[in-house]
Amino acid sequence: MESSRSVPVRDHGGGVRSLRVPIPDNPLGHTLVYVVDTDSGPVLIDTGWDDPESWDTLAEGLTACGTSAAEIHGVVITHHHPDHHGLSGRVREASGAWIAMHAADTAVVRRTREARPERWFSYMTAKLTAAGAPEEHLAPLRQPRHRTLPGLSPALPDRDIVPGELLPLPGRRLRAIWTPGHTPGHVCLHLEEDHPARLPGRGRLFSGDHLLPEITPHIGLYEDPEDTTVTDPLGDYLDSLERVGRLAPAEVLPAHQHSFSDAAARVRELLTHHESRLTDLLALLAEPLTPWQLAERMEWNRPWSEIPYGSRTIAVSEAEAHLRRLVKLGRAEAVPGSEPVTYVAV
């Protein structure tokens, strides 16, 4: 079923459809926005990137579903990233819909709304300096007036998603599962209803970015500059994966790529991947390395020399998350007195 602009709409059965909302200039291509019928009207799970083409695609996709942005009853956000939460404010303006998000990610949204862009640039400069980044990588961050950032004014949610509780969706049983790691407040949503095609398993799982069929979600360190809490996002992610695997849903409806079954097998693949990666990093840490040096030596989907600027920043954050996990497990430690700080296997 497609609109005049060929907006892809897929009917998953049982009052659930998905729309492919484009993400501009991004290899992911699109966000899968889910439209869930309820007795009070349609509810969206995620909304897509805040971009005119994305909004037009969302609006026309809703028309193809027999509804409109003005008829949306509520918006449930799996996590705060702009390709998921970006259009929430426009949907609320069009319909008066409520927006729900886990409190940990709402706190990130609130900080984003209150902070000036210069604060982000100074934070990233300090963070990357401490990670051992070279001056040529730091220089652009010292000139924020020439840079723009997406999602500087994301919509502030007006409802909390409470882990373990059913969301207030009349006629549906949608339970929130807190799955931190990709973000501190990421949630999956378990539709506790028989699968419309009678596939074996326990309902369906809207997995956001937590569980994707072919992509390993990014797990990095993006912390409040004023918060001194030592987090372990990779540890949180691995624990969350195991919880989701035990749910044994009949089908997973992710926010990118395509739906799939056998969530437990995918969970095992991801757990094995991260354990293998931690083992490989320990071998690299036979000599002291800064997080930047470790990222340079890690295996990515292309050589380090071909990784673009922004992706290098993300890669260093992922290296730091793995280092944080190794330190917590007692398998690596910081070298006393090193500046910038280096780490070594123990």
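Residues numbered from 1 in each chain as written. Predicted model: local features only at pLDDT ≥ 70, side-chain atom pairs only at ≥ 80, totals over all residues. Heavy atoms only, no water.

Colleague: Would you mind going over the environment of Ala-315 in detail, with residue names and values included?
Modeller: Along the chain, Ala-315 turns up in helix H10 (residues 309-328). Separated by 17 residues in the primary sequence, Ala-315 and Met-298 place their C-alpha atoms 9.0 Å from one another. (Helix = DSSP H or I, 4+ residues; strand = E, 2+ residues; numbered from the N terminus.)

Colleague: Could you give an account of the pattern of salt bridges, with specific residues and numbers?
Modeller: Evaluated as defined, the whole model comprises 14 salt bridges. Among the salt bridges present, the one from Lys-127 reaches Glu-320, with a minimum N-O distance of 3.0 Å. With a gap of 193 residues between them, Lys-127 in helix H5 (residues 117-130) and Glu-320 in helix H10 connect regions that are remote in the sequence. Taken as a pair, Lys-127 and Glu-320 share a single burial class, namely buried. For the salt bridge of Asp-194 with Arg-198, the shortest nitrogen-to-oxygen distance reads 3.1 Å. The same class applies to Asp-194 as to Arg-198, namely exposed. (Salt bridge = Lys/Arg side-chain N within 4 Å of Asp/Glu carboxyl O. Buried < 20%, exposed > 50% of the residue type's maximum accessible area, 1.4 Å probe, protein only.)

Colleague: Explain the environment of Asn-26 to me, using residue names and the numbers behind them.
Modeller: Within the element layout of this structure, Asn-26 appears in the loop between strand E2 (16-22) and strand E3 (30-36). Between the alpha carbons of Asn-26 and Val-327 there is a distance of 33 Å; along the sequence they are 301 residues apart.

Colleague: Help me get a handle on the confidence of the model for the chain, residues and values and all.
Modeller: Looking at the chain as a whole, its pLDDT mean stands at 93, while 95% of the residues score no less than 70. Taken as a whole, residues 1-5 scores under 50 in pLDDT and shows twelve contacts with residues more than four places along the chain or in a different chain. (pLDDT = per-residue confidence, 0-100. Contact = heavy atoms within 4.5 Å.)

Colleague: I'd like a rundown of the packing of aromatic side chains, residues and numbers included.
Modeller: Summed over all chains, the structure comprises three aromatic pairs. Pairing Tyr-34 with Phe-206 gives two aromatic rings, centres 5.2 Å apart and planes at 65 degrees, and the pair type is edge-to-face. Note that Tyr-34 is positioned in strand E3 and Phe-206 in strand E10 (residues 204-208), a separation of 172 residues in sequence. On the basis of relative accessible area, Tyr-34 is assigned to the buried category, the value being 3%. Judged by centre distance (5.5 Å) and plane angle (85 degrees), the ring pair of Trp-292 and Trp-304 falls under edge-to-face. Linking Trp-292 in helix H9 (residues 291-297) with Trp-304 in the loop between H9 and H10, this pair joins segments that are twelve residues apart in sequence. In this arrangement the basic side chain of Arg-277 is found over the ring face of Trp-300, its NZ or CZ atom lying 4.5 Å from the centre. (Phe/Tyr/Trp six-rings, centres within 6.5 Å; stacked < 30°, edge-to-face > 60°. Lys NZ or Arg CZ within 6 Å of the ring centre and 35° of its normal.)

Colleague: Quick one: what's the story with the sheet that holds strand E9 (residues 187-191), residue by residue and with numbers?
Modeller: Taken in spatial order, the four strands make up an open sheet running E8-E9-E10-E11, and their pairing is mixed. Either end of the sheet is taken by a strand with one partner, and the two such strands are strand E8 (174-178) and strand E11 (251-254). Neighbour-to-neighbour, the strand axes of this sheet turn through a mean angle of 25 degrees, independent of strand direction. Summarising the sheet, E8 and E9 pair through five bridges and their orientation is antiparallel. Considered in E9, the bridge of Arg-175 is made with His-190. Packed onto the sheet, helix H7 (residues 233-247) meets E8, E9 and E10 and runs at close to 150 degrees relative to E8. (Pairing = 2+ DSSP bridges. Axes fitted to C-alpha atoms, helices over the stretch in contact; angles between N-to-C directions.)

Colleague: Run through the sheet that holds strand E1 (residues 9-11), naming residues and quoting values.
Modeller: Spatially, E1-E2-E3-E4-E5-E6-E7 is the arrangement adopted by the seven strands of the open sheet, whose pairing is mixed. Looking at strand neighbours, the two that pair on one side only are E1 and strand E7 (159-160), the edges of this open sheet. Relative to strand E5 (residues 74-76), strand E4 (residues 43-45) runs parallel, the two sharing three bridges. Within E5, the position partnered with Val-43 by the bridge is Gly-74. In the packing of helix H3 (residues 88-95) onto the sheet, contacts are made with E4, E5 and strand E6 (98-101), and the angle to E6 comes to roughly 150 degrees. Helix H4 (residues 103-114) contacts E6 and E7 of the sheet and is inclined by roughly 110 degrees relative to E6.

Colleague: Break down the pairing of E3 for me, with residues and values.
Modeller: Across the seven residues of E3, seven count as buried, placing the element largely inside the fold. Neither face of E3 is open: one carries His-30, Leu-32, Tyr-34 and Val-36, the other Thr-31, Val-33 and Val-35, and all of them are buried. The pairing of E2 with E3 spans seven bridges and is antiparallel. Bridged to Pro-22 within E3 is His-30. Looking at chain direction, E3 and E4 are connected through three bridges and run antiparallel. Pairing of Val-36 across the sheet is with Val-43, part of E4. Hairpin geometry of E3 and E4 is characterised by an intervening segment of six residues between the two adjacent antiparallel strands and by a positive phi of about 120 degrees at Gly-41.

Colleague: Describe H10, and please don't skip the residues or the numbers.
Modeller: Between its first and last C-alpha atoms H10 spans 29 Å; for 20 residues at 1.5 Å apiece the expected length is 28 Å, and the two agree. Positioned one or two residues after H10, Gly-330 has a phi angle of 75 degrees, which is positive. (Expected span 1.5 Å × (residues − 1).)

Colleague: With reference to specific residues and values, describe unusual backbone geometry.
Modeller: Following Glu-339, the chain continues to Pro-340 via a peptide bond in cis, the omega torsion being -5 degrees. Relative to the elements of secondary structure, Pro-340 occurs in the loop between strand E12 (332-334) and strand E13 (343-345). For Ala-248, which is not glycine, the phi dihedral falls at a positive 50 degrees. When its relative accessible area of 35% is taken as the criterion, Ala-248 is described as partly exposed.

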